[in-house]
Amino acid sequence: MAAQQAAGAPATLVAGVPALPSPRNGQAAPQGLTDGGLVDADWQPVLAAIGAASSVDLVCHVLPDGDALGSALAAGIALRSLGVEVRVSFGDDPQVVPASLGFLPGQELLVPASAVPDRPELLITFDVADARRLGLLQTKAEAAETLVVIDHHASNGGFGTHLLIDPAAPATAVLVDELLRRLGVPLDAAIATCLYTGVATDTGSFRYSATTPATHELASRLLAAGVRHDLISRRLWDTQSFGYLKVLAAALDRAVLDPEAADGLGLVWTWVPWADLVRHGVLPEEIEGLIDVVRKASEAETTLVLKEDPDGSLRGSSRAKGAVNVAAACGALGGGGHAYAAGFTSHDPVPDTVARFRAALRAG
Ligand SMILES: [Mn+2]
C-alpha cells in the first residue's frame, strides 16, 4: 500500500491522479467477476503472450508489501502449474523478503534481480505504479519484448506494452485472481494464501472504502480454498519485535498535531530517524505499519510519517480519511499513490519537507 517513489524522482512524472490510458474501451465490466472495468479485449493479448512465452519473469516493486509480493508469487505458482518456466523477483539489493511476509508460499521461485535476463521475453509487473519502483529491474523491464503492467494505482501512467490497470480494484491481487481465472488455474491453498495476503493488506483487513461486495466474494472463495486467515492476520498485523514498540513510542512522542493544515481538517505528522532503527535493531520494513497508529488521531484528516533512510533521505507516507486527496499532495513532491494512501521521497530536511507537504495540501 505504501507508494514511496525511487530516490531522486523528478517532480513532474507523477502528477496527482491522472486519467488512465484507456484500458477499458468504454465497455461495461462483466458483472460479479471483478471490482472494476477491465474487459476481454484487455486480457486477450496478455493471455496470448503468456501462452506463447517460453519463460516469464514476474516482478513486483521494491520493498514489497503483501499485495506486491503476494500477487507476484500467486501468479508464479499458477504459471508453474501450467508448465511455464517462471522467475519471481524484485529489484532490491540485498533482496530481503519482509519478516511479516515470511510465510508466503512460492518463495522458491524468487531469484535476485541479477538472474533476470537483460532482455526478458515476457515480463509482468505487479503493483508497480511507476517504472522507477522497479529499482534494479527497471532497465531490464523496459527492455522486455513484452511488458505487462498489472496494477491498481490511480497514479499509474502506464509504462508497459500491455496495461491491465484498474484503479477501482482494491488490490493488485484482485486482478491476479482474474488473470488466473482466465488462465483456467484453480485456486489452491498456496495461491489463495498469496492472494488473501494481498487483498487483506491493501484493504486494511477489508476495512478501507475500496472494499466491495466483490472483495468479500473473493475472500470467501479464498477461505474455501484453505486459507488460514487467522494465522495470516496475526503475522501481518499482530506480530512485532519489542524494538519496534520502542521505535513506535519515540515516533508517537515526536508527533505533531497541526489542526490548521489541509483547510482546517488537520494534519498529524511525525518522523523516524534512522538512528532509532539502529538503536533498537529494527529493519525499515518493520515500520511500514507505524502510520496506522499515528493516523488514529481523530483531530487529523491527514497523516504524514517521514522515515529516514541511511543516506539521510526521507521516505514520506501519507494517509487521508476521505476529504483530502494525498495522491495529489504527494504528486506535488514527486511521488504518487492512491487518494487515501500515497508517498514520496524527499532529500530535504524534515522541517522543509513537512512545509512542502503542507503547502501541497493547501494547494489541493
Ligand atoms: Mn497494491
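Our subject in this report is the structure included herewith.

What counts, and at which threshold
- Residues numbered from 1 in each chain as written.
- Predicted model: local features only at pLDDT ≥ 70, side-chain atom pairs only at ≥ 80, totals over all residues.
- Heavy atoms only, no water.
- Helix = DSSP H or I, 4+ residues; strand = E, 2+ residues; numbered from the N terminus.
- Buried < 20%, exposed > 50% of the residue type's maximum accessible area, 1.4 Å probe, protein only.
- Contact = heavy atoms within 4.5 Å.
- Areas by Shrake-Rupley, 256 points an atom, 1.4 Å probe, with all protein chains shown as cover.
- Lys, Arg positive; Asp, Glu negative; His and termini not counted.
- Charge placed at Lys NZ, Arg CZ, Asp CG, Glu CD.
- Expected span 1.5 Å × (residues − 1).
- Arc of directions from axis to C-beta.
- Pairing = 2+ DSSP bridges.
- Donors = N, O, S within 2.8 Å, 3.2 Å for Na, K, Ca; no water.
- 1 Å grid on protein atoms, 1.4 Å probe; cavity = no way out; pocket = protein on both sides within 12 Å on 5 of 7 lines; lining within 4 Å.
- Points joined across faces, edges and corners; volume = space filled by probe spheres on them.
- Nonpolar A, V, L, I, M, F, W, Y, C, P; charged D, E, K, R; others polar.
- Domains from an automatic or database assignment.
- Core = buried A, V, L, I, M, F, W, Y, C linked by side-chain atoms within 4.5 Å.

## Some remarks on the overall build of the chain
A count of helical and extended segments in the chain gives 13 helices and eleven strands. Counting the 364 residues in the chain, one finds 55% classified as buried. Taking the intrachain contacts of the chain between residues at least 6 apart in sequence as the baseline, contacts between residues at least 24 apart amount to 67%. If you sum the accessible surface of the chain, you get close to 14100 Å²; carbon and sulfur atoms cover 55% of it. Of the side chains in the chain, 26 bear a positive and 41 a negative charge, and the two mean positions are spaced by 4 Å.

## Comments concerning helix α8 (residues 242–254)
The end-to-end C-alpha distance of α8, which contains 13 residues, comes to 19 Å, matching closely the 18 Å that a straight helix rising 1.5 Å per residue would cover. Here α8 has its buried residues at G243, Y244, V247, L248 and A251. For α8, the arc enclosing every buried residue in end-on projection is 140 degrees, short of the 170-degree limit, so these residues lie on one face. Those residues of α8 that are exposed and angled more than 90 degrees off the buried face are F242 and D253. Elements that come into contact with the buried residues of α8 comprise β7 (267–272), α10 (274–280) and α11 (291–294).

## Some points on the pairing of strand β3 (residues 122–126)
Taking burial as the measure, the five residues of β3 include five buried ones, the bulk of the element. Residue alternation in β3 divides its side chains into two sets, L122, I124 and F126 and L123 and T125, and both sets are buried. One ladder, built from four bridges, connects strand β1 (residues 55–60) with β3; its direction is parallel. By the bridge assignment, C60 is partnered in β3 with F126. In terms of strand pairing, β3 meets strand β4 (residues 146–151) through five bridges, oriented parallel. Residue pairing for β4: I124 is matched across the bridge by V148.

## Remarks on the coordination of the manganese ion
Within the protein, D67 (OD), D127 (OD), H152 (NE2) and D202 (OD) serve as the donor atoms for the manganese ion, at 2.1 to 2.3 Å. Summarised as a motif, the one-chain spacing of the donors to the manganese ion is D-x59-D-x24-H-x49-D. Here D127, found in the loop between β3 and α3 (138–142), pairs with D202, found in helix α5 (residues 189–202); they are 75 residues apart in sequence, far enough to count as distant. Neither residue differs from the other here; D127 and D202 are each classed as buried.

## Comments concerning the layout of surface pockets
Of the pockets and cavities examined, the largest pocket occupies roughly 990 Å³. Forming the walls of the largest pocket are 38 residues, and the residues nearest its centre are L236, W237, E288, G289 and D292. Breaking the lining of the largest pocket down by element, the ones donating at least two residues are α7 (229–237), α8 and α11. Sorting elements by how many residues they give to the lining of the largest pocket places α7 first, with three residues. Classifying every residue of the lining of the largest pocket by side-chain character gives 14 nonpolar, eleven polar and 13 charged. Counting only domains with at least three residues in the lining of the largest pocket, you end up with domain 1 (14–237) and domain 2 (243–363).

## Topic: the nonpolar core
Within the largest apolar cluster, 58 residues are counted, with the highest numbers of intra-cluster contacts made by V56, L58, L69 and I124. Examining the composition of this core, we find that nine residues originate from one element, helix α2 (residues 66–81), more than from any other. The contacts of L69, once residues within four sequence positions are left out, are C60, P64, F90, V97, L101, L104 and L110. Among the nonpolar cores identified, the runner-up in size contains 21 residues, and A320, A329, C330 and A360 belong to it.

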